[in-house]
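# An overview of the molecular structure
Now for the letters of each chain:
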Amino acid sequence: MGQFLSRLPLLVLLVGICALAMLVPAAVAMIEEEFRVGRSFLYSSMLFFILTLFLGFATQGMKPVTSARSHLAGLALAYLLLPAVLAVPLADAIGNTRYFNAYFEMVSALTTTGATVFDPARLGDGEHLWRAIVGWLGGLLVWVTAMAVMAPLNLGGFEVSSEAQGRLPLSSGAQMQAAAPGVRMRRAVSFLAPTYIGLTAVLWLLQILAGEQDLTALAHAMAVMSTSGISPEGGLNANPGGFVSELLLFFFFLFALTRHSFADRVTPNTPRMLFQDRELRLAVYVVGALVGLFFLRHWLGALEVEAGSEGRTALAAIWGSLFTITSFVTTTGFVSDYWAEARSWSGLPTPGLLLVGLALMGGGAATTAGGIKLIRVYALYKHGARELGKLTHPHSVASGGRMGRRIRREGAYIAWVFFMLFILSTAAVMFALSMTGQGFEESFVLAAAALSTTGPLAAYGGEYPIVYATLSDPAKMVLIAAMILGRLETLALIALFNPGFWRI
């Protein structure tokens, strides 16, 4: 059986996993006596599982994949074709929708974007659970491929520093580099999947203890771990768990800020390693500075706001800004129930541009977060600080050792290249959206939401909320391509088509 699975192409294996995952919403729908929905997922599961077996037997004689580039190509193909499989039970279960809308929904979930074209009240528990499961599986796929595919190719943020071998305790970085891609995938799954499942289960249990309903608690736990922002309620508004629920979600944002929170074994040195982690420290500085500015602006320019005189309102404003800012840095997109108090306190009626910038900055490398990634922002900052220092002291020698020199030189160079590619991608997506009839502001917000995989940004990034359901089909097609591009990153696609990588 192990040899049979090891010979399966990546796309076929993913189809089989998704076929088994369809049994979960089928069981939930049957328990709640939504028999038509249950049959849709059950029959789809049987169909695609049988198809997986047929394709598996047909491909057993094929030569095993021996290059990381082939797995990278398979990953790109999976983000394009796998949603076509995932959309079949969703479209059939909803009934009164087009297959294209279901496909858009599944691309959004699989890429952990979380953009939705369906009103939450329109879907049942089975459909909501399926959206959450697809987003959660998409997050696990990002974890595994980051360690097994992106790290050996020096992509996905690993190219910035010499920590290019996403350190798995089961083997050294050199062993992971030398192993075949299939072996790397199995090692990554065996180590990361239990951690991912365990953390989701713990957060789910804590959410239930905080007062959340079972389905909502599970969906929010999956959404935070995968940074998809998918919620059966459409967000955290009127959250039964209240402040306690948000506090629990806030602590689990850590796993989208640095891979060292889950990719290394827990040892007595773990707190020190997290304290010294560049990405985590940059995220803390950014969040702390913005929360402070939000709070201080009440006295700097918003004295006309009457709600700021009470201490309770001040605390609510601090928490609302702290949670929401951290959520968008991780590209999750959850908004605190106290965000309205934070906006009222600061006097900023539409701080959408701030949220757009945070989402574009992104979370940690090799995490489920999207965006530019904190390590690249850190490299650009260190390079800029060093250049300013040399203006004052031209003959000075910077500290930081070999790692610091690499980040300030080669790391900053490749980070700048990626930043330029990201800007060009944003401009191209904005141009394509403008050709479909979108205005400048709407095009910018939608492009940022898709490329940073932060779907809820459309509701908060502009002066007025943007509803995905009102977009035309050409606009949705542009966003589908942008979401896949944002999840894979431009450098990965260049590496895929660059002849210099064909020998990998």
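Residues numbered from 1 in each chain as written. Predicted model: local features only at pLDDT ≥ 70, side-chain atom pairs only at ≥ 80, totals over all residues. Heavy atoms only, no water.

## Overview of the packing of aromatic side chains
For the structure shown, the criterion picks out 16 aromatic pairs. Both rings, one in Phe41 and one in Trp130, keep their centres 5.7 Å apart while their planes meet at 65°; by these two values the pair is edge-to-face. Of this pair, Phe41 sits in helix H4 (residues 35-58) while Trp130 sits in helix H7 (residues 125-150), placing them 89 residues apart in sequence. Of the two residues examined, Phe41 and Trp130, each falls in the buried class. Taken together, a centroid distance of 5.7 Å and an interplanar angle of 45° make the contact between Phe252 and Phe255 tilted. The same class applies to Phe252 and to Phe255, which are both buried. Against the face of Phe275 rests Arg281, its NZ or CZ located 5.5 Å from the ring centre. (Phe/Tyr/Trp six-rings, centres within 6.5 Å; stacked < 30°, edge-to-face > 60°. Helix = DSSP H or I, 4+ residues; strand = E, 2+ residues; numbered from the N terminus. Buried < 20%, exposed > 50% of the residue type's maximum accessible area, 1.4 Å probe, protein only. Lys NZ or Arg CZ within 6 Å of the ring centre and 35° of its normal.)

## A closer look at helix H16 (residues 352-361)
H16 sits mainly inside the fold: seven of its ten residues count as buried. Considered for burial, the residues of H16 that qualify are Gly352, Leu355, Val356, Leu358, Ala359, Leu360 and Met361. In the stretch just after H16, Gly362 is the one whose phi turns positive, near 80°.

## So, the nonpolar core
Ranked by size, the top nonpolar core spans 149 residues in total, and within it Trp130 and Tyr468 carry the most contacts. Per element, the largest residue contribution to this core is 17 residues, and it comes from H7. Contact partners of Tyr468, with chain neighbours within four places excluded, come to Phe104, Ala115, Thr116, Val117, Leu446, Ala449, Gly455, Ala458, Lys476 and Leu479. (Core = buried A, V, L, I, M, F, W, Y, C linked by side-chain atoms within 4.5 Å. Contact = heavy atoms within 4.5 Å.)

## Examining the packing of helix H3 (residues 23-31) against H4
Contact geometry of H3 with H4 gives a least axis separation of 8 Å together with a crossing angle of 155°. Considered as vectors, H3 and H4 are oriented roughly antiparallel to each other. You can see that H3 and H4 cross each other, and the crossing is left-handed. The residues of H4 that touch H3, namely those facing Leu23, Pro25, Ala26, Ala29 and Met30, are Phe35, Val37, Gly38, Arg39, Phe41, Leu42 and Ser45. Residues of the contact of H3 with H4, tallied by class, amount to nine nonpolar, two polar and one charged. (Axes fitted to C-alpha atoms, helices over the stretch in contact; angles between N-to-C directions. Parallel < 35°, antiparallel > 145°, perpendicular 65-115°, else oblique. Left-handed = near helix turned anticlockwise from the far one by under 90°. Nonpolar A, V, L, I, M, F, W, Y, C, P; charged D, E, K, R; others polar.)

## What to know about the confidence of the model for the protein
Per-residue confidence for the protein gives a mean pLDDT of 86; residues scoring 70 or more make up 89%. Taking the mean pLDDT of every element in the protein, the minimum, 45, falls on helix H8 (residues 173-178) and the maximum, 97, on helix H6 (residues 99-110). Low pLDDT, under 50, characterises residues 164-178; the stretch is placed with 35 contacts to residues that sit more than four places away or in other chains. (pLDDT = per-residue confidence, 0-100.)

## Focus on the pattern of salt bridges
Inspection of every chain in the model, using the stated rule, returns five salt bridges. Across the pair Lys373 and Glu489 runs a salt bridge, and its minimum N-O distance is 3.2 Å. One end of the pair, Lys373, is in the loop between H16 and helix H17 (374-392); the other, Glu489, is in the loop between helix H21 (473-488) and helix H22 (490-497), and 116 residues separate them in sequence. Measuring nitrogen to oxygen at the nearest pair gives 2.9 Å for the salt bridge that ties Arg376 to Glu489. (Salt bridge = Lys/Arg side-chain N within 4 Å of Asp/Glu carboxyl O.)

## Quick look at H7
The first and last C-alpha atoms of H7 sit 35 Å apart over 26 residues, in line with the 38 Å expected at 1.5 Å per residue. Largest kink in H7: about 30°, centred on Val144. Judged by how many residues are buried, H7 sits mostly within the fold: 25 of 26 residues are covered. (Expected span 1.5 Å × (residues − 1). Bend = angle between axes of the 7 residues up to and from the residue.)

## Regarding the environment of Tyr103
Considering the arrangement of structural elements, one finds Tyr103 in helix H6. C-alpha of Tyr103 to C-alpha of Leu82: the two residues are 21 residues apart in sequence and 9.5 Å apart in space. When residues no more than four places from it in sequence are discounted, the contact partners of Tyr103 are Leu80, Pro83, Ala84, Ala87 and Ile480.

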